Amino acid sequence: YMTVDYFFIRRLVAMAASVGLAFLTFPSAAEVSVDDGEAPPVNPQSTEPPLLPTSQSLNWYTRDQLTEQELTTLPSFCQGLYRPVLIDEFNNDRIEADADEATLQLGTNTLDLEGNVVFQQKKRRLLSDQANWNPDARSATFDGNVKLLSNGLVVQGSSAFFNEAEGQTQLSGTEYSIPERHLRGSAKDIRIENQARIMMSQATLTFCPPGHNDWDIAANQLKLNRESGYGSALHSRLRVKGVPVFYMPYYRFPIDDRRLTGFLDPTITINELGQAEDIQLPFYLNIAPNMDATITPHHVLDHGLLMENQFRHKTRLMGDGELNYGYLGDDEETGKERSLINYSQNGRWGEFWTHSWLYNNVSDDDYFSDMNSSAAVDRQTHLPRFVDIRYKRSQFDTTFLAKSYQTIDDLIALRDRPYRQLPQITTNINTAADSDWTVKQRLQVTRFNRESSATIDGQTLTLSGIDALNGDRVVSDTSFAYPMSQPFGSLTPAADFRYRAYRLYDGEDTNNAESRQFSSGRYSLDGQLIFERDMSWFGTDYLQTFEPRAMYVYSPLVKGQDDIPTFDTAVDTLNFSSLFRGDRFSGDDRLADLNQVATAVTTRFINDTGRERLRASLGAIWYFADREVTLDAVQEAAAERSTSTTLAEAEWNPGQYWTVFSFVEYDPYQNYARQQRYGMRYSDDSNHMISFSRTSVENRELINNFTSAQQSDISAFWAINDRWAVFGRQLRDLSSYDEGEAQPEEPVLESLAGVEYQSCCWRTQFVYRETSPLRSGEITTEKKYGWMLSFQLKGLTTIGSGTDELLSDSIYGYTRRQYHDF
């Protein structure tokens, strides 16, 4: 895909206006002093070469004229750089003129200056070979090698004319540079009126170094109005090697932070067949200082004209809000009405109150994939809708939450769809540190409900039994802990009291509710020791640590929980962070029976710079009783085991840029690895990055329900030199499938390969990408592939598809690549 974003015109004029060409107008001739002799240095204290020697153009310096420090930041494909202009500022509004010779014409009362003429006011300086100044007419002419300098701009031309009475300054045959932005350009003439209106004819702009116009922007006429905050360009062209490739007859644009009603930059997306797949022409409305809107006619190939609108507002009471709306009345492909609504709001009420609101709704499951919506919407299978209001102080907070979802994936079973929380009120109290004791209290009241029937894939399904139950739940958790810490370790005894109360009812019939309640204590003792020693390994000194940790948890069995729905509860995934959580479930609908001790040991090797070269950990849970509270068949099958699976992880950093990692969850009862993850990464400061990982997940708990998933992922971005780089990625499925089971069309799930080339003023990326769809029985779709091409005009914009975004998502470390654009 290729996306063209015509952002360059706005950037052109915004950057030109930001440096303020109005410095060319001298406001007063009341105090003029003339020195007859050598021109003063630009910066007497500077040890650098003269900032604008006669051999240099627009303050550009080639590689052989740069310092060693400047060369270290300059890639090999750049022939030089601009140096900023440094001018000693005058402390008043006087105009000071210097020249080799000065002649006063008594009859005309004019002043002729010859040789190395320098006019300066504050931080603005004008140089020329000769000048004529008429104090009575308050005008001046400058001829020969005219140069104008300020801290943000350098201009040179053949001649200049200044008339203070009319507030006009005009320069002819000009070239200019903006050193801090590495930009330069030219104009046939530049005219400034009353320090506010700037007009340029036959103007150009480019990021390329002098003598290398790989691309530039050209406009017949460019007008900037600093008072109104907008400008206009007439007959603008984007040129590549002098050849126009895009034309816009008229363009109106903002030149400062003031918002301006008008058209924004259009975008066009072209697919691999050369078709205009997506065309957008946004129109911006500046409604008021605290609100605006963007209306975007959005033509989508094979679907029709989608109207999108974004409305934003700021209010003192409600804070910041944003409404996104999309509507397509008659889809050319489906013949249906399609729409999107997204509204978000968040703000603060006073010192302690905050609020957040979110609403999402789409007309159908395929809206996002078909319409390529630009709205910033959470695109998960369940679109959230909620209201969240919070009151928070140092030791106390209360939250009111009302939350529901729109499920946009019809393949999700009705029993697996989330419950609405309408509402949920939570209060947390955390005692102050007046003593060594830590006391916490959580009180929560929630009403859960969901639809008991729905039409899925053309069939009407209805929930029954425990899946059809809705209910109200009260949660009360009280915790007491006494943490004790020393440099050599820590010990924390804790006691919790957990209470649950329910009113359960079928469907919406709350009159026939059934009450349930249960409670349980939970007691734990968590201790850790830290041992250290100095050691030497292969001639290198290290500090090695040995950190054993153990946590005993006891909670008695609470019977009768199997009749309670799991409103927000799931099995907690076993990993190192969950070993010492003291529970088997996330959520509040199950109180686990616990009589166990979790143990782990970690060792680290730290060098004399403080860098951790190696870290290795080993851990498991030891059970003193069978587990009777379970949620799934896997937990039931392992309920009588005396230990959990064994967890082991390690990370080795053999060098500054290398990382080798691994994680294994090993089942000692069936002698297999339930989870395996291992790989390596390399990333240096020269844009060389490689990543390889392999993941394997297996489940042999049930003989008739064996599952396995294995994948390998390898990616790389490798800079051959400063100009050329190659990159690629392959995600491969290594799993075995039974006949008729859903599986990828091909083992390669996703792959891409490409090349990058860049110079000092442009960069291009060419990418080939393919993805493999799922195949189940007789149902399959075609394999997707495409070519992606993008051109970046450095300092301005990118023309083409979003290859940078794709590589950021696909290649580990790409977001940290070293990129040079001044």
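Predicted, not measured: the structure shown is a model, and the values here were computed from it.

Analysis parameters
Residues numbered from 1 in each chain as written. Predicted model: local features only at pLDDT ≥ 70, side-chain atom pairs only at ≥ 80, totals over all residues. Heavy atoms only, no water. Helix = DSSP H or I, 4+ residues; strand = E, 2+ residues; numbered from the N terminus. Buried < 20%, exposed > 50% of the residue type's maximum accessible area, 1.4 Å probe, protein only. Contact = heavy atoms within 4.5 Å. Areas by Shrake-Rupley, 256 points an atom, 1.4 Å probe, with all protein chains shown as cover. Salt bridge = Lys/Arg side-chain N within 4 Å of Asp/Glu carboxyl O. Core = buried A, V, L, I, M, F, W, Y, C linked by side-chain atoms within 4.5 Å. pLDDT = per-residue confidence, 0-100. Pairing = 2+ DSSP bridges. Polar contact = N/O pair within 3.5 Å; in protein donor to acceptor, adjacent residues only side chain to side chain. Disulfide = S-S within 2.5 Å. Arc of directions from axis to C-beta. Phe/Tyr/Trp six-rings, centres within 6.5 Å; stacked < 30°, edge-to-face > 60°.

**Focus: the overall build of the protein**
Point 1. Assigned secondary structure in the protein consists of six helices and 53 strands.
Point 2. The 822 residues of the protein split such that 44% are buried.
Point 3. Once local pairs closer than 6 in sequence are excluded, the contacts in the protein between residues at least 24 apart make up 51%.
Point 4. Total accessible area computed for the protein in this model is approximately 41,900 Å², and 52% of it derives from carbon and sulfur atoms.

**With respect to the pattern of salt bridges**
Side-chain pairing between opposite charges can occur once the charged atoms of the two side chains come close.
Point 1. For the structure shown, the criterion picks out 42 salt bridges.
Point 2. Here R473 and D568 are joined by a salt bridge, their closest N and O atoms 2.9 Å apart. Pair noted here: R473 is in strand β32 (residues 469-481) and D568 is in the loop between β37 (540-555) and β38 (570-571), with a separation of 95 residues, a long-range link.
Point 3. You can call D568 partly exposed: its relative accessible area is 29%.

**A word on the nonpolar core**
Point 1. Judged by nonpolar contacts, the single largest core of 44 residues is most densely connected at L113, F119, F142, M200 and W215.
Point 2. Core analysis: the next-biggest nonpolar cluster, separate from the first, contains 15 residues, F580, A592, A598 and F663 among them.

**Things to note about the confidence of the model for the protein**
Point 1. Here the protein averages 82 in pLDDT, while 86% of its residues score no lower than 70.
Point 2. Counted against residues more than four places away or in other chains, residues 373-378, with its pLDDT under 50, gives 15 contacts.
Point 3. Contacts for the low-pLDDT stretch residues 776-780, under 50 throughout, to residues beyond four places or in other chains number seven contacts.

**Re the pairing of strand β11 (residues 168-178)**
Point 1. Pairing of strand β10 (residues 154-163) with β11, which is carried by eight bridges, proceeds in the antiparallel orientation. Opposite V154, over in β11, you have S177 as the bridge partner.
Point 2. Connecting β10 to the antiparallel partner β11 that follows it, the hairpin turn spans four residues, and G167 within it adopts a positive phi of roughly 65 degrees.
Point 3. In terms of strand pairing, β11 meets strand β12 (residues 183-193) through 10 bridges, oriented antiparallel. From the neighbouring strand, T169 faces β12, where its bridge partner is I192.
Point 4. Linking β11 back to β12 in an antiparallel pair, the connection comprises four residues, with H182 at a positive phi of about 60 degrees.

**Focus on the environment of N595**
Point 1. Within the element layout of this structure, N595 appears in strand β40 (residues 594-607).
Point 2. Distance in space between the C-alpha atoms of N595 and R627 is 8.8 Å, their sequence separation being 32 residues.
Point 3. Once you skip the residues sitting within four places of it in the chain, N595 turns out to touch Y552, V553, Y554, W622, Y623, F624 and A625.
Point 4. Of the polar contacts made by the side chain of N595, one reaches the side chain of Y552; its length is 2.7 Å.

**Some details on the state of the cysteines**
Point 1. Per the counting criterion, the structure on display carries two disulfides.
Point 2. One disulfide in the model links C78 with C760; its S-S distance is 2.2 Å. With the S-S dihedral at roughly 100 degrees, the linkage between C78 and C760 falls on the right-handed side. A residue pair is termed long-range when its members are at least 10 positions apart, and C78 in the loop between α2 (68-72) and β4 (80-82) and C760 in the loop between β49 (748-758) and β50 (762-771) qualify at 682 residues. For the pair shown, C78 and C760 are each scored as buried.
Point 3. With its sulfur 2.1 Å from that of its partner, C208 forms a disulfide with C761.

**A look at helix α6 (residues 803-810)**
Point 1. For α6, every residue scored as buried is listed here: T803, L806, L807 and S810. One face of α6 carries all of its buried residues, which in axial projection span an arc of 95 degrees. Residues of α6 that are exposed and point more than 90 degrees away from the buried face comprise E805 and D809.

**Side note on the environment of G173**
Point 1. By the secondary structure assignment, G173 is in strand β11.
Point 2. For G173 and I190, which are 17 residues apart along the polypeptide, the C-alpha to C-alpha distance reads 8.6 Å.
Point 3. Excluding residues within four positions of it along the chain, G173 makes contact with Q156, G157, S158, A187 and K188.

**What to know about the packing of aromatic side chains**
Given two aromatic rings, their pairing is described by the distance between the two centres and the angle made by the two planes.
Point 1. Under the definition given, this model contains 27 aromatic pairs.
Point 2. Pairing Y757 with W762 gives two aromatic rings, centres 5.4 Å apart and planes at 50 degrees, and the pair type is tilted.
Point 3. For W762, a relative accessible area of 22% translates into the label partly exposed.
Point 4. In this structure an aromatic cluster arises from ring pairing among Y419, F448, Y502, F518 and F567.

**Let's talk about unusual backbone geometry**
For residues besides glycine, phi is generally negative; the peptide bonds are generally trans as well.
Point 1. Residue P423 is bonded to the preceding L422 through a cis peptide linkage, with omega at -5 degrees.
Point 2. When you line up the elements, P423 lands in strand β28 (residues 420-430).
Point 3. Of note, H235 is a non-glycine position whose phi angle comes to about 55 degrees, a positive value.
Point 4. For H235, the location among the structural elements is in strand β15 (residues 230-240).
Point 5. H235 sits in the partly exposed class, given a relative accessible area of 30%.
Point 6. Positive phi, normally seen in glycine, also occurs at F538, with a value near 55 degrees.
Point 7. Checked against the element boundaries, F538 lands in the loop between β36 (531-537) and β37.

**Looking at the side chain of Q156**
Point 1. Relative to the assigned elements, Q156 resides in strand β10.
Point 2. In this structure Q156 touches S57, L58, V146, K147, G173, T174 and E175, once residues within four positions along its chain are discounted.

**Some thoughts on the environment of L126**
Point 1. With respect to the helices, strands and loops of the structure, L126 is situated in strand β8 (residues 124-134).
Point 2. Placed 21 residues apart in sequence, L126 and K147 show a C-alpha to C-alpha distance of 5.6 Å.

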